[in-house]
Every structure is written in C-alpha cells, then in structure tokens.
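# Understanding the architecture of this molecule
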Amino acid sequence: MKTTTQLLAAGLLAGSAFAATAVVAQEFPTQPVTIVVPFSAGGPTDTVTRLVAQAMSEDLGQQVVVQNVGGAGGTLGAGQVAAANADGYTLLLHHIGMSTAPALYASLPYDPVEDFEPIGLVTEVPMTIVARKDFEPETLEDLIAHVKENGEDVTYANAGIGAASQLCGLLFMDALGTQMTEVPYQGTGPAMTDLLGGQIDMMCDQTTNTTSQIQAGEIKAYAVTTPERIDVLPDVPTMAEGGIEDFELSIWHGLYAPAGTDQAIIDRLAQSLQTALADETVGTSFAELGTEPVAADDATPDALSERLSNQIELWAGVIEEAGVSAQ
Ligand code: ASP
C-alpha cells in the first residue's frame, strides 16, 4: 500500500504532467505544421490543401507545409500520418477515399476511425466526366454509346484504388455495364497532363482539377455529378440530363490528426481551419474552381467524425452491390 507521501508525490507528478500538456497545447504551434496530401502535387486535393494551408499559416503564425505522398489510391499517405507522432505537427488532408478504402482493400495499414482524430470537414467538390480534346464523342449520350461499343479500348485515368476518380469510374462503368481500361497514376495532376497531351482518353475528376481546362476548351466535358448544373460550368449537363439517373457524387474532404493528439491541439487546429475557410481569398479561389468551403459548424471534429462513419457504411454497401472485389 502506498504511503501518504508517495500518494502526494504521485499526485504532484500527474498534476505537473497535466500542466505541461496544457502548456504545450496553449503554445501550439511552436514549429511548422505539415499537412500530408495523399496524392501528387498539382492535383485537386493538393490545390485545395495549398489554399487552406496558406490561410492556416497566417492564423497559426507558423508555416503550414504541404507534403505530397501519392500512391495506392491515397492509402500510402494516410498510412504515413496514422503512424506519425500525435503532436499536431503532422496532419492529413484526405477526401472521400478515407471512407471507400476499407471496402476496396482486404487489409489497410490503418483504421480510418481508430487511428485518426478528426479536425473538420473542408469542402465538397463536384466531379466532372472529361476526355481528351479530340475524343470522338460529343455529348454524354455519344460517350455512353462509344464506351459501350469500345469497352476496354477506352483508356480511363485514375489515381489508384481508393481514389475519387477510381470510385467515379467504377460507378460509371457499373451504370453502363461495361469495362474500360483503367490507368492508375499517383494523383490526377499527372493524369491531367496526359489527358491534355492526348495519351489517355477519359477521366472523372474533381472540378478543382478540371474547371480551367474545360473553360479554356483544352479538354471535353460531358457531365457534372451534381443534381444541378454548376455556376462555373453552365454548359456542362448533369448526369441525369444525359440519361444516367441516380448518379450523384460529391467529394467531401476532411482534415485529420493522428489518434491520441491532445484535444486542446485539435480544438486549436479546428479553430484555425474555420478561420481559413472564412478567408475571402480561399472563398474566391474555391468558387473559381467550382466549389465552396463548408460552413463553420461543419469544420468541426464532430461533423467530420459523423460524416466519416456514415460514409464508411454507405460505401461498403454500394461497393459490395457493385460487386467489386477487395484488393
Ligand atoms: N482527384 C484524385 C482522386 O482521384 C486525387 C488527387 O490527385 O488529388 O482521388
């Protein structure tokens, strides 16, 4: 049995450990913060992250550096952050792939719920179905007929299993009852370069990577995956207008820290995310790219936590129904 002195000493130690943690949280951040993007530089997740990181840097008074860790549909980068120190200095900005990967991979090097501390939702981005400029089909109806007729002769770029582009292609092929030849990249930034160069036929990707090229007429756009047409691409029809019903896809993005990060640090980061999303430059840049920041009450740990668990359940069902086998 412990003596009173031992108990007092233990209490003092626990108290000082608590005080030390509180000080660390209060002073956070005292060094640059890294946000890992699990895809290549120059792609849509990267673009969104760099805009948010810049505004968070200003709010936090420390540099927020973006690190691209592409590969395996976003699972490499996510795995790296899951294994990082839970000190608030290594974060992950990932999208819907956080919720689809568990259904697409037989085993993952991380658990999206257990291994992360959600900080907040960031944005919801529409997808566009696009093709190289000289691809034969002119409309979505033409495209459907062309893909049905040519199947595996059509090449389709994506960012690997678990990527939003892969999910969109999967749903598209499922809707058409046909297969295309999938060409994986470490992100859709480099895939866009090949689409512009005509080395690849098609892609489905976020407006944050396709809007300016569509507007400039450098690529063809067949459809947006939102229920209504979007302001920046008024001439691009919805999937339903082109005859594909019930095909709606919105790519939600969230910011995470490794599990075990101090709650006060998570709260500070969530507050900084909310400030960044309210920034005028961020709002204007997002709007030009066909999206908008989420409202402040969605840029919170609770909102992201709820979104993640609901979506894991939703996509497990959809992916199973589509009959896609786990890797
Ligand atoms: N848009 C990509 C995806 O398909 C990722 C990226 O490069 O940002 O998930």
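Residues numbered from 1 in each chain as written. Predicted model: local features only at pLDDT ≥ 70, side-chain atom pairs only at ≥ 80, totals over all residues. Heavy atoms only, no water.

Let us now look at the environment of I251. Locating I251 in the fold gives a position in strand β9 (residues 250-258). A relative accessible area of 0% means that I251 is categorised as buried. Separated by 83 residues in sequence, I251 and C168 have C-alpha atoms that sit 9.9 Å apart. Discounting chain neighbours no more than four positions away, the residues touching I251 are H95, I96, T123, E124, V125, M127, A164 and Q206. (Helix = DSSP H or I, 4+ residues; strand = E, 2+ residues; numbered from the N terminus. Buried < 20%, exposed > 50% of the residue type's maximum accessible area, 1.4 Å probe, protein only. Contact = heavy atoms within 4.5 Å.)

For the rest of this paragraph, the subject is empty space enclosed by the protein. Enumeration according to the criterion identifies one cavity of 30 Å³ or more in this entry. Taken as a whole, the largest cavity spans an internal volume of roughly 80 Å³. F39, T45, H95, A159 and T188 are the residues nearest the centre of the largest cavity, which is lined by 13 residues in total. Each residue belonging to the lining of the largest cavity can be placed in one class, and the counts come to five nonpolar, seven polar and one charged. (1 Å grid on protein atoms, 1.4 Å probe; cavity = no way out; pocket = protein on both sides within 12 Å on 5 of 7 lines; lining within 4 Å. Points joined across faces, edges and corners; volume = space filled by probe spheres on them. Nonpolar A, V, L, I, M, F, W, Y, C, P; charged D, E, K, R; others polar.)

Surrounding the ligand, one finds F39, P44, T45, H95, A159, A163, A164, S165, G187, T188, D205 and Q206. Contacts to the ligand include T45, whose side-chain N or O atom sits 2.6 Å from an oxygen atom. H95 has a polar side-chain atom sitting 2.6 Å from an oxygen atom of the ligand. Protein coverage of the free-state accessible area of the ligand, which is 270 Å², stands at 100%. When contributions to the shell around the ligand are tallied by element, the ones reaching two or more residues are α2 (44-60), α6 (164-176) and β7 (202-206). Residues that form the shell around the ligand fall into these classes: five nonpolar, six polar and one charged. (Near = heavy atom within 4 Å. Polar contact = N/O pair within 3.5 Å; in protein donor to acceptor, adjacent residues only side chain to side chain. Areas by Shrake-Rupley, 256 points an atom, 1.4 Å probe, with all protein chains shown as cover.)

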